[in-house]
Amino acid sequence: MRLGSGTFAACCVVIQVLGVALFLRGFFPAPVRSSSRTEHQAEPPAPEPSAGDRSNWTKLPPPLFRKVVIMLIDGLRDDFVFGSKGVKFMPYTTYLVEKGASHSFVAEAKLPTVTMPRIKALMTGSLPGFIDVVRNLNSPALVEDNVITQAKAAGKRIIFYGDETWVKLFPKHFVEYDGTTSFFVSDYTEVDDNVTRHLDKVLKRGDWDVLILHYLGLDHIGHVSGPSSPLIGHKLREMDSILMKIHTSLLSEERETLVPNLLVLCGDHGMSEAGGHGASSVEELNTALILISSAFERKPGDIRRPKHVQQTDLAATLAIGLGLPIPGNSVGSLLFPTVEGRPVREQLRFLHLNAVQLSKLLQENVPSYTKEPGFEQFKMSERLHGNWIRLYLEENNSEVLFNLGAKVRRQYLEALRTLSLSLSRQVAQYDIYSMLVGTVMVLEVLVLLLISIPQALSSKAELEVPLWSPVFSLLFYLVFLVLSALHVIVCTSAESSCYFCGLSWLTAGGVMALISALLCAVVSALAKVFADGRLLRKNPAHPKARWSELDVLILLGTLGHVLSLGASSFVEEEHQTWYFLINTLCLALCHELYRNCFLRDDCEPQPCSHVEQGLVSSEPALSDGNIHCNVSEPHRVSKSPTSLDTLRGYEKWMVLASPWVILTCCRLLRSLNQTGVQWAHRPDLGHWLTSSDHKAELSVLAALSLLMIFVLVQRRCSLTSKVAMALGLLGVYCYRAAIGNVLFPWQRDSKDISKGVIEARFVHVFVLGILFTGTKDLLKSQVIAADFTIKTVGLWEIYSGLVLLAALLFRPHNLPVLVLSLLIQTLMTKFIWKPLRHDAAEITIMHYWFGQAFFYFQGNSNNIATVDVSAGFVGLDTYMEVPAAFLTAFATFAGPVLWASHLVSFLSTETHSGSALSHACFCYALTCSFPVSAYIILVTSLRHHLFIWSVFSPKLLYEGMHVLITAAICVFFTAMDQTNTKS
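What counts and what doesn't
Residues numbered from 1 in each chain as written. Predicted model: local features only at pLDDT ≥ 70, side-chain atom pairs only at ≥ 80, totals over all residues. Heavy atoms only, no water. Helix = DSSP H or I, 4+ residues; strand = E, 2+ residues; numbered from the N terminus. Expected span 1.5 Å × (residues − 1). Buried < 20%, exposed > 50% of the residue type's maximum accessible area, 1.4 Å probe, protein only. Core = buried A, V, L, I, M, F, W, Y, C linked by side-chain atoms within 4.5 Å. Domains from an automatic or database assignment. Contact = heavy atoms within 4.5 Å. 1 Å grid on protein atoms, 1.4 Å probe; cavity = no way out; pocket = protein on both sides within 12 Å on 5 of 7 lines; lining within 4 Å. Points joined across faces, edges and corners; volume = space filled by probe spheres on them. Nonpolar A, V, L, I, M, F, W, Y, C, P; charged D, E, K, R; others polar. Disulfide = S-S within 2.5 Å. pLDDT = per-residue confidence, 0-100. Pairing = 2+ DSSP bridges. Axes fitted to C-alpha atoms, helices over the stretch in contact; angles between N-to-C directions. Parallel < 35°, antiparallel > 145°, perpendicular 65-115°, else oblique. Left-handed = near helix turned anticlockwise from the far one by under 90°. Patch = residues over 30% accessible without salt bridge, like charges linked within 9 Å, V, L, I, M, F, W, Y side chains within 5 Å. Areas by Shrake-Rupley, 256 points an atom, 1.4 Å probe, with all protein chains shown as cover. Salt bridge = Lys/Arg side-chain N within 4 Å of Asp/Glu carboxyl O.

J.: Help me understand helix H29 (residues 719–738), please; the structure alone is not making it clear to me.
T.: For an α-helix, the turn length of 3.6 residues means that residues three or four places apart are oriented alike. Helix length check: H29, at 20 residues, gives a terminal C-alpha distance of 29 Å against a target of 28 Å (1.5 Å per residue), a fit within 8%. Restricting attention to buried positions, one finds in H29 the residues Ser-721, Ala-724, Met-725, Gly-728, Leu-729, Gly-731, Val-732, Tyr-733, Tyr-735, Arg-736, Ala-737 and Ala-738. Count one or two residues on from H29 and you reach Gly-740, which has phi positive near 90 degrees.

Here is the structure:
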């Protein structure tokens, strides 16, 4: 069966998406779990240890607090409370921390630092899996043992107001609730007012035991404006007044009941310096945790500094405080300061219950648990505890009893610390079988693409896929039977859960058939390659054709980038790799331009400068004084035979200067946004522009940038699209002025701030209008096949619509990134690609490199915290999952998408041959498949690496998203290629 190289590449990338998805499902593990209480059935508590005499304490201790109020402030990092901001904006909270009846902690969250996994950690005490980053968008009901379920089973009445994630995690658990949407980050007032409006009424009532309040406004401000925004102070002051109201109400109630209540102030995660979260910086990991109760009265001169604890410790502490069993999956330890005022016997009882729960979890997840130091310490503590109980029951109040009790307490605390640490290290239980199946699919696709290079990049841009040959069929059935047998053996003997084994037999059989077909295709292609002997030859039609310097640079650059992904530092600072590669590419192009202009070797000027076929089939026009000129160049990028020698005056000087202008643009962009890890904290131009003191400068820059975008884009649009583009860009500025990012000339301040929904929708209308006009022109070009101009205009209008959408979603200080991207594309189109006549393969890889570089120029990095969630809600007045996800993904990957869109427009406009888009699609797919396949192998081998979750796993998620976007791009390439063929 014959396929076009573009169609073949698109099919390969779609298969690779399936392989990567299966690998990700296996790689992101299920955390350690207890098998004893998966459905929260009641278990008798462990009895108090005894030595000889039988203890009479076999039940759970009574609750320490009558009522518990949990006030969770989303994004409350520790320095917002314990730093200068807390002193300035939260005076009441600061008083409680320094002099009041409270215990303060800096609670360290674990990755991933997003809301849903952190709520799970707070209520279950377990370490959620990294895949919860994806589930954060649509939280499923929590079936794991947790404090909320235990409280409901014990008859506690729970009321909740705030983030609706709680309602999704704990359905039918609350006697009263009011959920608010957590993803609509443009709203930071109503989202909190909807919580606070219930307080006056509910605090006066006595028909509840647990009250949970989840405030989202602080986190939303961080996403939109960053932690340095003046709005942060206003929000902290608001939260302080709410805390004072709750605390005052609880104290007045205690005077009547004489039973202490507990108020918990905590954050789910912190906030990076850019305002996001999801990564592993200190600002994102460290959160404030304050436990406030009259039971914690301190003596004069008692200074309590915030201690560093784990966020998972709160679940065990809440369970003890409410008189509930500790959740079975909890890896946290009791916060001992909360019970140190209790009698020694109660203290030891609480510590023993916690140690028994952790030791059981260790036994269920670690086969060699008896050799673990924590388990040995627990057994020793239990024996000492039994001795203490014997002395206590003998009513021995001597100093020996006191000293032994202190020793047992220290031993328990050390055992808890060691057990918790051991369990935290056991977080990874990889689904190796699913990972292996996904890896095999990805690698088969990569090998098939590599073997298909000679045929796919030939002038016909077609290749033979021998799907129906007898040898193929025989090999296919044999491989399919072997794989099916292996599947049955693995799934019937697997001790742990396996996602791939859980699929239906029909689905699993389809995957096996696909793997078998790919393997047979690889074998057939290899046999043909060895028979022809032309694998990776520069040009099959010209065996003596040599690789140019640009070809070598592209090959070495691609391989070097892939190899660099094996080091954590290179992954964190990947932007440096791409900056280096595009700078080197510019110097190589400069060298090629100057050589063709000034080094003649007494030869006549060249009418053509490249051989047209091969992997990256470019060869210098003048090499060793010999002229290699191919008469027919089917995908040459110039419609008319132009050369550097025909250029005169202004054009020639622009050709010579263009690489240096591009290098200058890239250097300016590097100064705009500091990214990565090592230098992300250093000040950059973006921080200077976004500060409140420089709003006028930012307004001028935004206006000039929007004007330049119009100038650079409108040149090839129709009149209707030009008007729509102008009005759309004006709407972009109005939107940013409405939400307070920039100012109009007649404005002195930005007091009248709104959500800008109307202005953003105004721009969305023009985006859709331009895209519709471009699509209409493309369809019209199919009817009028002779009119090539209509198709050219249509493709450019689609590209222009995407540019307008990017201008709307980019923050104002990032608009110069879009301007310089358009400028570089214009310079390279007119003064580099046309004069040098690079072929489609070379131009494709250059577009890919620049697209990757502009991903980082936007301020993105390989951690989740740099994702601008606020972009997903531009123009939305309520949370809608699909539009929000699309807008967020487009804003994040705007660089690669815009450069790929420009590539389609350029190749469709500047080439005569219909094979150019096929070649481009194939090269784009191959260039993407190489790093993805290599990275999957790397993370598999490094799955026990120290930085696997903080560095390698977020990058893996980005790679998965990159493959999905590449599949969409390749499908678009193929569709445009088909229209070229019909034309």
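Read on, since the account is not over.
J.: Whenever I open this one, unusual backbone geometry confuses me. Can you help?
T.: The phi torsion of most residues other than glycine is negative, and most of the peptide bonds are trans. The phi torsion at Ala-461 lies on the positive side, around 55 degrees, for a residue other than glycine. You can call Ala-461 buried: its relative accessible area is 3%. The phi dihedral of Arg-837 is positive, around 55 degrees, even though this residue is not glycine. Tracing the chain through its elements places Arg-837 in the loop between helix H32 (815–836) and helix H33 (840–857).

J.: Quick question: what am I supposed to make of the nonpolar core here?
T.: The nonpolar side chains of a soluble globular protein tend to be buried, and buried together. Core analysis: the biggest nonpolar cluster contains 168 residues, and Phe-27, Ile-709 and Phe-850 have the highest contact counts within it. Both of domain 1 (1–30 + 431–532 + 558–563 + 912–982) and domain 4 (567–600 + 646–911) provide at least three residues apiece to this core. The contact partners of Phe-27, leaving out residues within four places of it in the chain, are Tyr-430, Met-435, Val-939, Arg-943, Ile-948, Trp-949, Ser-953 and Leu-956.

J.: Would you explain empty space enclosed by the protein in this entry?
T.: Any space left empty among the atoms is revealed by the rolling of a water-sized probe across them. Per the stated rule, a full pass over the model turns up 12 cavities of 30 Å³ or more. Quantified by volume, the second largest cavity comes out at close to 140 Å³. Taken together, 15 residues make up the lining of the second largest cavity; nearest its centre are Gln-852, Tyr-856, Lys-955, Glu-959 and His-962. Broken down by secondary-structure element, the contributors of at least two residues to the lining of the second largest cavity are helix H25 (574–598), H33 and helix H37 (948–982). Among the residues forming the lining of the second largest cavity, the class breakdown is eight nonpolar, four polar and three charged.

J.: Please clarify how the state of the cysteines should be interpreted in this entry.
T.: Think of a disulfide as a covalent bridge from one cysteine sulfur atom to another cysteine sulfur atom. Taken as a whole and assessed by the stated rule, the structure comprises one disulfide. Counting only cysteine sulfurs, Cys-666 is the nearest neighbor of Cys-586, a cysteine outside any disulfide, at a range of 5.4 Å.

J.: Help me understand the confidence of the model for the protein chain in this model?
T.: Do not read the predicted coordinates in detail wherever pLDDT is low. A residue-level look at the protein chain finds 86% of positions with pLDDT of 70 or above and a mean pLDDT of 84. pLDDT under 50 marks residues 540–544. Its contacts with residues more than four places away, or in other chains, come to five contacts. Across residues 601–642 the pLDDT falls below 50, and counting only partners more than four positions away or on other chains, this stretch makes 130 contacts in the model.

J.: Just to check I follow, could you spell out the sheet that holds strand S4 (residues 158–163) for this structure?
T.: The strand order across the open sheet formed by eight strands is S5-S4-S6-S2-S7-S8-S3-S9, and the pairing between neighbours is mixed. At either margin of the open sheet sits one strand with a lone partner, and together these are strand S5 (176–180) and strand S9 (307–310). Between one strand and the next, the sheet's axes are offset by a mean angle of 15 degrees, whatever the strand orientation. Contacts between helix H12 (residues 230–257) and the sheet are confined to strand S2 (68–73), strand S6 (210–215), strand S7 (262–266) and strand S8 (286–292), with S2 contributing the most and set at about 175 degrees to the helix.

J.: Sorry if this is basic, but what is going on with the packing of H25 against H33 here?
T.: Packed helices, taken two at a time, are described by the angle their axes make and the gap between the axes. Their axes nearest at 9 Å, the elements H25 and H33 cross at an angle of 135 degrees. Viewed along their axes, H25 and H33 adopt a mutual orientation that is oblique. Two packed elements cross with a definite hand, and for H25 against H33 that hand is left-handed. Contacts between H25 and H33 pair Glu-574, His-575, Trp-578, Tyr-579, Leu-581, Ile-582, Leu-585, Cys-586 and Leu-589 from the former with Met-846, Tyr-848, Trp-849, Phe-850, Gln-852, Ala-853, Tyr-856 and Phe-857 from the latter.

J.: I would appreciate a short explanation of a nonpolar patch on the surface in the present structure.
T.: Taken together, the side chains of Trp-547, Val-552, Leu-555, Leu-556 and Leu-559 define a hydrophobic patch exposed on the protein surface, amounting to about 410 Å² of accessible area. Summarising the element assignment, Trp-547 is placed in the loop between helix H22 (505–532) and helix H23 (549–564).

J.: What should I look at first to understand the pattern of salt bridges in this one?
T.: Two side chains that carry opposite charge are able to pair once their charged atoms sit near each other. With the rule as written, the count across this model stands at 21 salt bridges. A salt bridge links Asp-209 to Arg-157, with the nearest nitrogen and oxygen atoms 3.3 Å apart. Of this pair, Asp-209 sits in the loop between helix H10 (199–204) and S6 while Arg-157 is found in the loop between helix H7 (147–153) and S4, placing the two residues 52 residues apart along the sequence. Taking the shortest distance from any N to any O, the salt bridge between Arg-417 and Glu-414 comes out at 2.7 Å. Of this pair, Arg-417 and Glu-414 are both found in helix H17 (residues 399–425), three residues apart, which corresponds to roughly one turn of the helix. Its relative accessible area of 48% is what places Arg-417 among the partly exposed residues. By relative accessible area, Glu-414 is classed as partly exposed at 32%. The network of salt bridges with shared partners includes Arg-66, Lys-67 and Glu-253.

J.: Help me understand the environment of Cys-12, please; the structure alone is not making it clear to me.
T.: For Cys-12, the location among the structural elements is in helix H1 (residues 5–27). A residue is classified by how much of its surface remains accessible, and Cys-12, at 3% relative accessible area, is buried. Residues Cys-12 and Ser-929, 917 residues apart in the sequence, show an inter-C-alpha distance of 9.3 Å. Those residues in contact with Cys-12, other than ones at most four positions away along the chain, are Val-445, Leu-448 and Leu-449.

J.: How should I be thinking about the pairing of S2 in this particular structure?
T.: In summary, the side chains of a regular strand alternate between the two faces of the sheet. Burial within S2 is extensive, with six of its six residues counted as buried. Both faces of S2 are covered, namely the face carrying Val-68, Ile-70 and Leu-72 and the face carrying Val-69, Met-71 and Ile-73. As paired strands, S2 and S6 are joined by six bridges and run parallel to one another. Across the sheet, the residue bridging to Ile-70 is Ile-212, located in S6.

J.: Quick question: what am I supposed to make of the pairing of strand S3 (residues 102–108) here?
T.: The element S3 is extensively covered by neighbouring structure, given that six of its seven residues are classed as buried. Taken together, the seven bridges between S3 and S8 define a ladder with antiparallel strand orientation. Each bridged residue has a counterpart across the sheet, and for Phe-105 the counterpart in S8 is Leu-289. When S3 meets S9, the two strands line up parallel, connected through four bridges. Each bridged residue has a counterpart across the sheet, and for Ala-107 the counterpart in S9 is Val-309.

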